[in-house]
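Fold and contact review
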Amino acid sequence: MIRLAQFAYLRILLSLVFVLGITFVLWFSAYLNPNEAPIPAQIKLFALCLLAPLLFKLVLQLYGLVGYNLTRQTYAKPIYPTISVIVPAYNEEVGITKTLDSIAASNYPHTQIIVVNDGSTDNTHNKITQWLKDSNTNSECLYINQDNGGKAKALNNALNQATGEIIVTVDADSVVAANTLFEIVQPFKDEQVGAVAGNIVVHASGNLLTWVQQLEYLVGFMIKRADSFFNSVYIIGGAAAAYRTSALQQVGHFDHRLITEDIELSVRMLSAGFKTKFASKAAVITEAPTKIGCLVKQRLRWKYGRIQTLYKHRSLFFSRNHNRYLSYVQLPMSLYAEFMLTMQWPLAFVLIGIAIWSQSFIHLALASVVLGAVILTLTLSDRNRGHHRNLLLLAPASWLVIPLIELAETLALAKTIKRFAFGQGVTWQSWSRKGINR
């Protein structure tokens, strides 16, 4: 085990040396030749037109981010509704015990824990039953052992047994912070709030790809603060989600016909007129894919399910009867971002080709510096900055590693289009998990 750990540290060290070395070469080359690359005006105009909608959304998000930070409540009079925490599990023998331990160790009272084993073929059942025997938690614990029917059906079976005023879902490969349950229910003080997203943080192992995903989640959940300010968090991941039980009774339970049942339910909440919020202090640590192939499978499911959801709720687009930010900005821009995936690679190759031909890298160097400064700022300003301190090393080379995520997203988009074209579905992805050590 020690040798494996040492190998993992050596691997990430070599990866950092490689990407930071390329970054240094870029900056030094720009220093030697600070002249601008001869980019044709037509290409500049084309790039500006492509980026203009994204820049407009970015301005709105910055406004929302400032608004979120200024209006964030301090909970002078906190609420303590009863909670039912649902943990669906399928072949989760590696992490299920730590997940349940973290929930049981929460400092929140009035908690019911419901574990659903969705027909696992590994040792998950034995792990759960042994935990139930050994645990000394004061929470009510309920175990449902069912035939494999999918995550949505597992969640719905648990909902039929849940007694809490608030339903919280946690994935079986995640670890819940001690104050997460308290933090995730506080936005429900507003009676119009139907669902709340927790702050999902990636556990970075000795692998550069997990570090990049950690960086991606940090940026993505920073943006969720802006969406929360506009009362329209439309992606509430099942790894850290909370729902008002009365709202679920009004809009219905999880739709098992969609591969991303969590996204569909949050959009359905918004369609019904409920507000959806983000709880930045409700941290849940989750495990991420360690191989690019597994990451592509994950993003394929996300994209396929998101498109299914947007088509099902297409009446929300440019609707005057719903949240304007959601209908006129957020949903249309989510589709435009997919279009940009197909356009950014040809544009990037052209611009990099011009830079190499002219031996002028000043634009690329400046872009890398700006992006690195943004990542440093986000890392240092995040309340979980202790967990993210490794990103301080990665920030200067973020311009070089973020394309790994973009590549996975592009491949997933191509697979999604192919599957829709040929009428093929998508199944739940799986990969070899190692568990979260903390």
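Rules and cut-offs
Residues numbered from 1 in each chain as written. Predicted model: local features only at pLDDT ≥ 70, side-chain atom pairs only at ≥ 80, totals over all residues. Heavy atoms only, no water. Helix = DSSP H or I, 4+ residues; strand = E, 2+ residues; numbered from the N terminus. Rg over C-alpha atoms; globule rule 2.2 N^0.38 Å. Areas by Shrake-Rupley, 256 points an atom, 1.4 Å probe, with all protein chains shown as cover. Axes fitted to C-alpha atoms, helices over the stretch in contact; angles between N-to-C directions. Parallel < 35°, antiparallel > 145°, perpendicular 65-115°, else oblique. Contact = heavy atoms within 4.5 Å. Nonpolar A, V, L, I, M, F, W, Y, C, P; charged D, E, K, R; others polar. Patch = residues over 30% accessible without salt bridge, like charges linked within 9 Å, V, L, I, M, F, W, Y side chains within 5 Å. Salt bridge = Lys/Arg side-chain N within 4 Å of Asp/Glu carboxyl O. Pairing = 2+ DSSP bridges. Expected span 1.5 Å × (residues − 1). Buried < 20%, exposed > 50% of the residue type's maximum accessible area, 1.4 Å probe, protein only. Polar contact = N/O pair within 3.5 Å; in protein donor to acceptor, adjacent residues only side chain to side chain. Phe/Tyr/Trp six-rings, centres within 6.5 Å; stacked < 30°, edge-to-face > 60°. Lys NZ or Arg CZ within 6 Å of the ring centre and 35° of its normal. Arc of directions from axis to C-beta. Core = buried A, V, L, I, M, F, W, Y, C linked by side-chain atoms within 4.5 Å. Lys, Arg positive; Asp, Glu negative; His and termini not counted.

As a further point, take the overall build of the chain. Within the chain one finds 14 helices and eight strands. The C-alpha atoms of the chain give a radius of gyration of 22 Å, which matches the 22 Å a tight globule of 438 residues would have. Along the first, second and third principal axes, the C-alpha set of the chain runs to 70 × 60 × 50 Å. As displayed, the chain offers around 21100 Å² of accessible surface, 62% of which is attributable to carbon and sulfur atoms.

Contact geometry for helix H12 (residues 362–381) and helix H14 (residues 398–421): axes closest at 9 Å, N-to-C directions at 80°. Regarding the angle of H12 to H14, the classification is roughly perpendicular. Of the residues in H14, those touching H12 at Leu364, Ser368, Leu371, Gly372 and Ile375 are Ser398, Trp399 and Ile402. When the residues that make up the contact of H12 with H14 are grouped by side-chain class, the tally is five nonpolar, three polar and no charged.

The next subject is a nonpolar patch on the surface. Taken together, the side chains of Leu45, Leu48, Leu51, Leu55, Leu58 and Leu62 present a nonpolar region at the surface, about 550 Å² in accessible area. Among the secondary structure elements, leucine 48 is positioned in helix H2 (residues 41–71).

Let's shift gears to the sheet that holds strand S6 (residues 193–203). On the basis of which strands lie adjacent, the open sheet formed by eight strands has the order S3-S2-S1-S4-S7-S6-S8-S5 and mixed pairing. Unpaired on one side and paired on the other, strand S3 (140–146) and strand S5 (174–176) mark the two borders of the sheet. Neighbouring strand axes in the sheet, compared pairwise and without regard to direction, differ in orientation by 25° on average. Docked against the sheet, helix H3 (residues 96–104) engages strand S1 (83–89), strand S2 (111–118) and S5, running at close to 175° with respect to S1.

Moving on: helix H7 (residues 208–229). In a regular helix each residue adds 1.5 Å, so 22 residues correspond to 32 Å; H7 covers 33 Å between its end C-alpha atoms and thus fits that length. Burial runs high along H7: 17 of the 22 residues are buried. N-cap assignment for H7: the residue whose side-chain oxygen lies 2.7 Å from the backbone N of leucine 209 is asparagine 207. Just past H7, the residue asparagine 231 takes up positive phi, approximately 60°.

A complete count under the given rule lists 16 aromatic pairs for this structure. Residues phenylalanine 221 and phenylalanine 278 carry aromatic rings whose centres are separated by 5.9 Å and whose planes lie at 40° to one another, so their mutual orientation is tilted. Taken as a pair, phenylalanine 221 in helix H7 and phenylalanine 278 in strand S8 (residues 275–287) lie far apart in primary sequence, 57 residues in all. An aromatic cluster is defined as three or more aromatic residues linked by ring pairs; in this entry it consists of Tyr63, Phe229, Phe230 and Tyr325. Above the plane of the ring of phenylalanine 221 lies lysine 224, whose end atom (NZ or CZ) is 4.8 Å from the centre. In this arrangement the basic side chain of arginine 314 is found over the ring face of tyrosine 311, its NZ or CZ atom lying 4.2 Å from the centre.

Let us look at helix H4 (residues 124–134). When H4 is considered as a whole, its buried residues turn out to be Thr124, Ile128 and Trp131. Looking down the long axis of H4, one finds its buried residues gathered within 65° of arc, a one-sided arrangement. Seen from the open side of H4, the exposed residues pointing more than 90 degrees away from its buried face are Lys133 and Asp134. Looking at the buried residues of H4, the elements they touch are S1, H3, S2 and S3.

Ile83, Val85, Ile86, Ile96, Val168, Tyr243 and Met269 are the most contacted members of the largest nonpolar core, which totals 60 residues. Ile12, Leu209, Val212 and Ala408 belong to the second-largest nonpolar core, a separate cluster that totals 22 residues.

Turning our eyes to something else, we now look at the side chain of aspartate 118. Along the chain, aspartate 118 turns up in strand S2. For the buried aspartate 118, no salt bridge exists, and the shortest N-O distance to an oppositely charged side chain is 8.7 Å, to lysine 153. Beyond its immediate sequence surroundings of up to four residues, aspartate 118 is in contact with Ala89, Tyr90, Gln146, Asp147, Asn148, Gly149, Gly150, Lys151 and Ala154.

Within the secondary structure layout, lysine 291 lies in the loop between S8 and helix H10 (292–312). C-alpha of lysine 291 to C-alpha of asparagine 156: the two residues are 135 residues apart in sequence and 31 Å apart in space.

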